[in-house]
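Structural overview
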Amino acid sequence: MEPAWRQQGRGRGRGQEAPGERPRPQQKERDRPGVSAGRGAKNKTTASPEPATGESVQSKFEEIRRSNQAAAKRLVESHVSSSSDEDEDEENNDDGDRQRGKILESTFTSYTSQTGGDASGLLRTGQYLSDLFQSGALTCLICIASVKRTQPVWSCSGCFSLFHLPCIQKWARDSVFLISSVTDEDFGQKQHPWPCPKCRTEYPPSATPNRYTCYCGKLQDPPADPWLVPHSCGSVCQKELRPGCGHTCLLLCHPGPCPPCPKMVAVSCMCGKAKPLPRRCSNKSWSCQQQCGKLLACKQHTCSQPCHTECRPCPRVSLQRCMCGRQTAERPCASPRWSCQQVCGAPLSCGNHTCEEACHDGACPPCPRSVSRSCPCGKNKSSLPCTEEVPPCGDTCDRRLSCLKHTCSMRCHRGSCETCRQEVEKECRCGKYRKQMACHKEYLCDSKCPRTRNCQRHQCRRKCCPGNCPPCDQVCGRTLGCRNHKCPSGCHQGSCYPCPETVEVRCTCGSAVLVVPCGRERSTKPPRCKEPCRCPPSCHHRTRDPHRCHPGACPPCRQPCLLPLPACPHACPQPCHDLVLVRSQQVQLAGPWEQPSEPAFVKKALPCPPCQVPIPTSCFGEHEVSPVPCHRQGRFSCRRRCGRPLACGNHSCSRECHLVTAGDQCEACEDGCSKPRPPGCPHPCPRPCHPGDCPPCSQMIRQRCHCRISTLYVECRKLTTADEQTKVGLASCNNQCPKELSCGHRCKQVCHPGACEETCQQKVKLRCPCRRIRKEVVCSLAAQSLLQCDDVCRDQQRKVSQMKEAEQQAALEEEQKKLQEELEAFEKRQQRGGRRGKRRGRKEEGDEEQERARRWWRRCAALVLVPLGGALLSAAAFYLLNTS
């Protein structure tokens, strides 16, 4: 089914009539003179029906106009970017912030009660909860629309993102359909997984959501409760915590990951020597710092590391023999088996040859020439002694060539057979053409493959393609749902993944920022900003009324006008009237089909009102003189406060100026106490207005300790009457200071104000430059203590350099020996002669060139690898000597 915006509407005026209605005659045809109204209407005069027809047309027009306005209003409301109607109401006042605070507090109460008020493990979960209440922050990445609290949703178990339930169901169906159509030969028979649109977590087809549940999965179709987290059932989560510890989540049903386990358990240290101590379950692994002492795998040494879980391999070295037993060297205890890489050289069982294998353990293998051997082609077998070579038999070789179709036509020979050069008719890779060519060559035609690749958009275009076209290597490039970016993935079928980019939506002044998915910035309201509005004033005042930053136009100015009045030294006391909404004088419309040319209200500058000059006149009580307008002369009430002192002695009479008689006295004081409080007391006096001093304040004040971790409650009168030293003691939580010193260790003092003392008493280890000698000193004196290498360290370095020189000398002697052998072989070849010897010489020359190239490469490798291996061995020996 196509979306609603693609379907053709069936509105009025499109040539389609409702069923059961008859077409109405046109007005011109009915009003035309001479048209009879019926039988016998020729000589009769009938009343004109125009008034009734006009009223019906007008009423139908008004009905259509109202329906169109209602439809437009619904369309505008559906496109407003907000998480819910309740969220919009909460954003307009501070009550929403208090309500969100109460919801978060009720959700986290069961967790913080176990941790003693510590909420450091709730940061990640709290971010998911705050996004639920923030307008525009929670968006479905499939349809790029806001997720409201009344809409059914589904939450991914990998990235905890929320999606509309219909959107994720369609996504899962489309993903499975696309994979099946590409990979399955029998379409729809296999069960393919579908991925999450954001984190690509795969789900089986059976996990496709088919019902709307809360976050913990206990309640189906949870109702929208304004005093609960959206889409939550309000009960305890009770999900198994990760990593599994046997406990369950204590929070109320919530989005996002579960916090670390807050339970306290008694556990022993990692080595099991210390007594169990109470620890937080999520951080229960601890070390007693005692030496391990377990026997290592070498069965000679014990572990010297502090308390840990698994022991490392033995770091010490010892004298160990190689597998053949010829050499002895210092090697790590963790790897006792090693080979000296020398040829064994032991005599074999035949008594004529020696073992050619490298250093090995056990008995040597039997002589490879003592078994039954055959000629090079394998046709004739011989039982010659191991000291003689089996000669060629002289027959045709007949061994299979590399093409596996033909056999070798040469006589029995040693070495590999030549390349097959027979002319055969070969078919190209795609099977379109045939050609006569050598058997060992591959035939590829120049025709390009016309098939479509797996993306179903581009052709293969590969030369001589056998049908297994490679995947498309082009970029998709289709416009994503955000309408701002193109798909950067490889060319593919089906719908593209959502745009991974995010966009910042800022307020008018740019201080508040809201990060939303790309594509939502045009329909998302700017975030609420607490900064003052910076827009310049639009009236004659220099500054605007102080108000917060807001979208749209600023509210009208409420400051006094204060402009000088004409022919008067006074200023206008009325509110600013430079821009006032005034109903415009609209022209009378000819009919309902006409639209007004001007808006109903326009902003205009109104003139200042006439000045009312005040004249000093005595009031009724004759206790003051108040100014009154000129047009009001005579004694009357000045409408000011009476100002007479009341019985409480703190306030004066607030009634209008009146005559004080026996029957009309001043009012009784009903205000609260307004006397100044002691310095530092923020609480008001609980008694009504009274004479004398106020009683001492007994309320509690909540404040943070010096280390800003614990919350303390102190009686107000103790805090206000205490001296500086007592205030420091009241603000301390008596716990160890959590701050780190400049050396990296934790401060050892009790919770205190100001900076920590830098005299750290923690012990640290110092080593000499070669890291053989070590010493423990106090951390504050570590910079003043330096260890130098002794004579033993220098002797070890001297031994390493001597080993390196010996290895280089051995490499040079080996090279000279190989050069001497090549010179002797060359002289022997020069002494050979004869016609048959020349043929054999040409063949041997080719073999010799290959052998010469191999020797040259061996020489290069020896010149490079021998010094490099010596350097590595010397470095390893130096490290082992230092560690010992």
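Within each chain, residue numbers correspond to sequence positions counted from 1 in written order. Given that this is a predicted model, residues contribute local features only at a pLDDT of at least 70 and side-chain atom pairs are listed and counted only at 80 or more, while totals for whole chains, interfaces and linings are drawn from all residues. Note that water and hydrogens are dropped before the side-chain values are worked out from all heavy atoms of the structure.

With respect to the pattern of salt bridges
- Salt-bridge detection follows one rule: a side-chain nitrogen of Lys or Arg within 4 Å of a carboxyl oxygen of Asp or Glu. Scanning all chains against the criterion turns up 11 salt bridges.
- For Asp-174, the salt bridge is made with Lys-170, and the minimal N-O distance between the two is 2.9 Å. With Asp-174 and Lys-170 both in helix H6 (residues 165-183), this residue pair falls four residues apart, about one helical turn.
- Residue exposure (1.4 Å probe, protein chains only): buried if accessible area is under 20% of the type maximum, exposed if over 50%, otherwise partly exposed. For Lys-170, a relative accessible area of 47% gives the class partly exposed.
- We note a salt bridge from Asp-795 to Arg-798, for which the minimum N-O separation is 2.8 Å. Highlighted residues: Asp-795 and Arg-798, both in helix H9 (residues 791-831), separated by three residues, approximately one helical turn. Secondary structure is summarised from DSSP: a helix means a run of H or I of at least four residues, a strand means a run of E of at least two, and numbering begins at the N terminus for each.

As for the confidence of the model for the protein
- pLDDT measures the predictor's confidence residue by residue and takes values from 0 up to 100. When pLDDT is averaged along the protein, the result is 77, and 84% of the positions lie at 70 or above.
- Contacts are residue-level and defined by heavy atoms, with any inter-residue pair within 4.5 Å sufficient. Within the model, the stretch residues 1-54 combines pLDDT values under 50 with 13 contacts to residues more than four positions away or in other chains.
- Low pLDDT, under 50, characterises residues 78-93; the stretch is placed with 32 contacts to residues that sit more than four places away or in other chains.

Details of the side chain of His-301
- With respect to the secondary-structure elements, His-301 resides in the loop between strand E8 (277-280) and strand E9 (317-321).
- Once you skip the residues sitting within four places of it in the chain, His-301 turns out to touch Lys-294, Leu-295, Leu-296, Cys-314, Arg-316 and Cys-333.

Observations regarding the packing of aromatic side chains
- Any Phe, Tyr or Trp ring, taking Trp's six-membered ring, that has another such ring centre within 6.5 Å forms a pair; planes under 30 degrees apart are called stacked, those over 60 apart edge-to-face, and the others tilted. This structure, assessed with the given rule, holds four aromatic pairs.
- Between the aromatic rings of Trp-194 and Tyr-203, the centroid separation amounts to 5.0 Å while the plane-to-plane angle is 25°, which identifies the pairing as stacked.
- Members of the aromatic cluster, each reached through a chain of ring pairs, are Trp-154, Phe-163, Trp-194 and Tyr-203.

Quick word on a negative patch on the surface
- Note on patches: the residues involved have over 30% relative accessible area and no salt bridge, like charges join within 9 Å, and the nonpolar side chains Val, Leu, Ile, Met, Phe, Trp and Tyr join within 5 Å. Per-residue and other accessible areas follow the Shrake-Rupley method at a 1.4 Å probe size, with only the shown protein chains counted as cover for residues. Under the convention used here, Asp and Glu are negative, Lys and Arg are positive, and both His and the chain ends fall outside the count. Working definition for charges: the position is that of NZ of Lys, CZ of Arg, CG of Asp or CD of Glu. A grouping of Glu-814, Glu-821, Glu-824 and Glu-827 is seen on the molecular surface, where their side chains present a negatively charged patch.
- Considering the arrangement of structural elements, one finds Glu-827 in helix H9.
- On the accessibility criterion, Glu-827 (43% relative accessible area) is partly exposed.

Things to note about the nonpolar core
- Residues Trp-154, Phe-163, Ile-168 and Trp-194 are the most contacted members of the largest nonpolar core, which totals 36 residues.
- Taken together, the elements giving at least two residues each to this core come down to helix H4 (95-115), strand E3 (153-155), strand E4 (162-164) and H6.
- The element contributing the most residues to this core is H6, with five residues.
- Side-chain atoms within 4.5 Å are what join buried Ala, Val, Leu, Ile, Met, Phe, Trp, Tyr and Cys residues into a set we call a nonpolar core. Leu-401, Cys-403, Cys-408 and Cys-420 belong to the second largest nonpolar core, which has 10 residues in total.

Remarks on a positive patch on the surface
- There is a patch of like positive charges on the surface, built from Lys-765, Arg-767, Arg-771 and Arg-774.
- Relative to the helices and strands, Arg-771 is located in the loop between strand E23 (763-767) and strand E24 (774-778).

Section: a nonpolar patch on the surface
- Taken together, the side chains of Leu-863, Val-864, Leu-865, Leu-868 and Leu-872 present a nonpolar region at the surface, about 510 Å² in accessible area.
- Relative to the elements of secondary structure, Leu-872 occurs in helix H10 (residues 835-883).

Section: unusual backbone geometry
- Backbone torsion omega between Arg-242 and Pro-243 reads -5°, so that peptide bond is classified as cis.
- With respect to the helices and strands, Pro-243 occurs in the loop between strand E6 (202-203) and strand E7 (264-267).
- The phi angle at Phe-160 is positive, at roughly 60°, despite the residue not being glycine.
- Within the secondary structure, Phe-160 sits in the loop between E3 and E4.
- The buried category is assigned to Phe-160, whose relative accessible area is 19%.

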